[in-house]
Amino acid sequence: MKWWIHTLIWAAMIVSVYPVAAEEALTPFVIPAETHANSWLRMETTPVRVDSPYVTVRNGHFAWGEERLRLWGVNFSFGANLPTFEDAPTVADRLAAAGVNSVRCHHMDTSLYPNGLFNALDGRTLDETAMARLDYFIDQLARRGIFVNINLHVGRAHSAYLDDIPAPATQFDKIVGIFTPELIEAQKDFARQILNRVNTVRNVRYGDDPAVAFVEITNEDSFFMWDGDQQLRALPTFYADLLQSQYNGWLKKRYGTDEALQEAWSAGEEPLGPNLLINGDFSNKVSGTNRPSNWILEQHETSRATFDQADYLGVTAGRVTTTNDDGVSWHIQLNQTSLPVKGARVYTLSFQAAAASARSLTCNVAQAHDPWGSLGLARTIALTPEWQAFQFTFTCTADDDNARVNVAFGGDDATVYLANVHFSTGGTTGLKENESLNNDSVALYADHEGLAREMDRWRFLAETEKKYFNEMFSFIKQTLKTRALVTGTIVFGPLGLYAQSDMDFIDSHAYWKHPRFPNQPWDPADWIVDQEAMTDQPENATLFGIVAERLAGKPFTLSEYNHPAPMDYQAECVPMVASFAAAHDVDAVWLYSYEHDVSSWDQEYFDSFFDIRGNPAKWGFVRAGAALFRNFGLGTLGSEQAVPLAGSSDTLTQLADLHRRLDRDMPHVLQELGGVTREILLSERRALSFESTRTVADNHETSPVVLEWTVENGRGLYGARGAGGWAWTGHADRFRAGSDGRIVIDSPGFYALTLTPLDGRSLEASRSLLVTACGRSENTDMIFSEDRTTVGRNWGRGPVRIQPAAGSVKLPAGQWRAWALGPDGRPTSAAVVRTTDAGSRLMLDPSHGTLWYVIKQTAQSMLAY
């Protein structure tokens, strides 16, 4: 009888075996830096030799020799890329034993040795000791079957080392490195030095080494990145003039003359209409108060402010006085709502503003309802104690009957004064009187620009960015003759995908609840990680946005992913991403990050948001993730279906319109173009395509997978079930019913659990299974804030501790014995397998103090699963 027929019987008869403690206990579980030779979890590897095949692309996926290849990897950052000759073999062995088969070498260019590749004496040349260490580390990785992904530009500001190139306003030369010839040449020079280097251990050029399988041109770098529009508007004169000159050259090729340009841009010119706001001058007040009427002051979390009428420098104003600021911009807002707007219609927002001291604020026009999306205007402005006039003309992105004009004040407690706020239709002009192609004076950004002018800017930026990436791609592949597969950067919306479309593969990054820094970026003492489980919020989950960025016919990778520590729910990270990526047939996942520090290999606790080396809630699931994802154990959601991005020959114009309206919201793009919802992505695979019709042949057969994601009363349960494994995350009281009795968790309150084969077979045929199960993970003496959103600098000490499970897991039919494993992967005690006529269950006992159980078949014959 098939095992699942018994699940309802089990669901009815199982009772709690272990009482739930009032305070769920934590037990030490330090996974050692050196993997024991006899660890039951050790995974076999195949070395990557200098005469091995190169990783290639076949039928839209990675291949190695004749076999389909998936990469299950981790990032190494800064000095961690340069372990000592003594440490490198141990580090590489620990990775390989856990099933890691790729390392992404990240932030090697950012710092001076010993935290990076550049010589500390001059900052310009590569340090030979650093390169020798990198040579040796790559060799140790390759000997254990681990491919390397070399990131070329991540944190290097080449502008700081070039004569006659001023410092840009962007960090790490981001954005300006896309269009500045001197910076592009500097990037090529660095690529030349790295990829032409002959590895002193392997005696092969990096560019010819099969182990150096992937190259990334520049990390998170695009005109269309998160703050790209704001950065472009604020470029220093040198870079602004250069980009404007290139823009004028592009316009000359497109239009030829000022007259032709004016004719194209004057279409739809419209004067300003009447003010759509009520009480925009703040002269009317709520009866019996000094508060201006028709405006709404919003205060969120702990932020507090007052709003009243005041006279400032002779002007009647609305005054917002912050009394408590928690550092989050939108936590104090001033709105006027219920404004009807039309998509593709031009609107202008103008106002005067001043502040008691210099500060910034943001203004936008957006939805006054869920999902609170932008309707085309979002700007950050700098205020002074003097009155300034601001005016923004934009094209609305969608129809909406309940839009709002919004000003956000959080992040600074300086009092703000607003006056004469005017929001109306119209306000556009074409080419301005002082602009001409003849002297390159046509501005990239201008006040009162209409849709035609805005669309030309989108086209120019997209073509310029694509030209840069194609040029770098050609240099690496053709000039340097590098055999590695090359990607550009991650996808930033439809135009970002267009810019990446000629790369060997398409890449993505995502983080659930990335740390927030209320006052200073990356302040180690002042940060917040929201205590929210992604399992509880499928509507906001990062996973759907990731797979919405894939391009049909191209391998698709996720080179950074994490749920940051010290979140109580971080154990959900690896099971969710490994299973979801497997179901959607993603080609590579690199968790961010294994380690940042070259001297922390033996540390018995974690002390950062992202490093997983010492975090059992993440590193403890990596071996299971290898079985689910790398080994194709979980299966996929059937064949991929393409969604055309454009329906005519003018693809770029259609992409620009999508980007203008939807920005980087790729799930919304999929929904608009193909009717693809999050619910559909739980059962089917989709990929965007620049062709009207496309089918992709998969060359690796996998069994089907079932994804389930439900929320009841705010408490979620995520499940992925396939022939070669299970992955479950969620609240304990949801497991029994949600898994049809397969899993029962009595404690702790939130849990992650996987069931995977250790022998590469299906669950049905396997003779050795691994159960990985974990609740919270935290250090000894960790000091949390009252709301558990931060520990500041108080990360605690070792040993790191976990919450073991109390409950049970349904096993396949057969005769089983079970053992609890210690942190070194060896058995420490026998675990109970309870067998009745309804089947066998592994009993999860917190007294074992483990997150790993191994279950082995004891009979020679195998019964049907």
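Relevant structure appears above.
The model shown is predicted, which means the values in this text are computed figures rather than measured ones.

Details of unusual backbone geometry
So, point 1. At the junction of Ala-565 and Pro-566, the peptide bond is cis and its omega measures out at 5 degrees in the coordinates.
So, point 2. Its place among the elements puts Pro-566 in the loop between β21 (556–562) and α12 (573–583).
So, point 3. A cis amide bond links Gly-798 with the next residue in sequence, Pro-799, at an omega value of 5 degrees.
So, point 4. Structurally, Pro-799 is set in strand β32 (residues 797–802).
So, point 5. The phi dihedral of Phe-282 is positive, around 60 degrees, even though this residue is not glycine.
So, point 6. For Phe-282, the location among the structural elements is in the loop between α8 (258–265) and β9 (296–299).
So, point 7. Here Ser-338, not a glycine, exhibits a phi torsion of approximately 65 degrees, which is positive.

As for the side chain of Arg-205
So, point 1. By secondary structure assignment, the location of Arg-205 is in the loop between α5 (181–195) and β8 (212–218).
So, point 2. Looking at Arg-205, its side chain comes within polar contact range of the side chain of Asn-196, at 2.5 Å.
So, point 3. Here the side chain of Arg-205 touches Lys-481 through a polar contact of 3.0 Å, landing on its backbone oxygen.
So, point 4. The residues contacting Arg-205, other than those within four sequence positions of it, are Leu-195, Asn-196, Arg-197, Val-198, Leu-480, Lys-481 and Thr-482.

Considerations on the sheet that holds strand β10 (residues 304–312)
So, point 1. Taken together, five strands build an open sheet; the order of strands is β10-β11-β18-β13-β16 and the sheet is antiparallel. Either end of the sheet is taken by a strand with one partner, and the two such strands are β10 and β16 (388–395). The mean inter-strand angle of the sheet, taken between neighbouring strand axes irrespective of direction, is 30 degrees.
So, point 2. In terms of strand pairing, strand β11 (residues 315–324) meets strand β18 (residues 416–425) through three bridges, oriented antiparallel. Across the sheet, the residue bridging to Val-320 is Val-416, located in β18.

Structural notes on the packing of helix α7 (residues 237–255) against helix α9 (residues 451–479)
So, point 1. Relative to each other, α7 and α9 sit at 110 degrees, their axes nearing to 11 Å. Considering the angle they form, α7 stands roughly perpendicular to α9. Across the interface between the two elements, Leu-243, Gln-246, Tyr-247, Trp-250, Leu-251, Arg-254 and Tyr-255 of α7 pack against Arg-453, Asp-456, Arg-457, Arg-459, Phe-460, Glu-463 and Thr-464 of α9.
So, point 2. For the contact of α7 with α9, a count of residues per class yields six nonpolar, two polar and six charged.

Observations regarding the packing of aromatic side chains
So, point 1. Here the structure, examined in full by the defined rule, presents 49 aromatic pairs.
So, point 2. Both rings, one in Phe-351 and one in Phe-392, keep their centres 6.3 Å apart while their planes meet at 55 degrees; by these two values the pair is tilted. Of this pair, Phe-351 sits in strand β13 (residues 346–355) while Phe-392 is found in strand β16, placing the two residues 41 residues apart along the sequence.
So, point 3. Ring geometry for Trp-522 versus Phe-609: centroids 6.5 Å apart, planes at 55 degrees, classification tilted. You can see Trp-522 sitting in the loop between β20 (506–511) and α11 (542–547) and its partner Phe-609 sitting in the loop between β22 (588–595) and α13 (616–619), a full 87 residues away along the chain.
So, point 4. Looking at Trp-522, the relative accessible area reads 51%, which means it is exposed.
So, point 5. Judged by its relative accessible area of 10%, Phe-609 falls in the buried class.
So, point 6. An aromatic cluster of at least three residues, connected via ring pairs, comprises Tyr-511, Phe-517, Trp-522, Trp-527, Tyr-592, Phe-606, Phe-609, Phe-610 and Trp-795.
So, point 7. Cation over ring: Arg-70 sits above Phe-629, and NZ or CZ is 4.9 Å from the ring centre.
So, point 8. Here the basic side chain of Arg-156 rests over the ring of Phe-118, its NZ or CZ set 3.6 Å away from the ring centre.

Reading the values: the criteria
Residues numbered from 1 in each chain as written. Predicted model: local features only at pLDDT ≥ 70, side-chain atom pairs only at ≥ 80, totals over all residues. Heavy atoms only, no water. Helix = DSSP H or I, 4+ residues; strand = E, 2+ residues; numbered from the N terminus. Polar contact = N/O pair within 3.5 Å; in protein donor to acceptor, adjacent residues only side chain to side chain. Contact = heavy atoms within 4.5 Å. Pairing = 2+ DSSP bridges. Axes fitted to C-alpha atoms, helices over the stretch in contact; angles between N-to-C directions. Parallel < 35°, antiparallel > 145°, perpendicular 65-115°, else oblique. Nonpolar A, V, L, I, M, F, W, Y, C, P; charged D, E, K, R; others polar. Phe/Tyr/Trp six-rings, centres within 6.5 Å; stacked < 30°, edge-to-face > 60°. Buried < 20%, exposed > 50% of the residue type's maximum accessible area, 1.4 Å probe, protein only. Lys NZ or Arg CZ within 6 Å of the ring centre and 35° of its normal.

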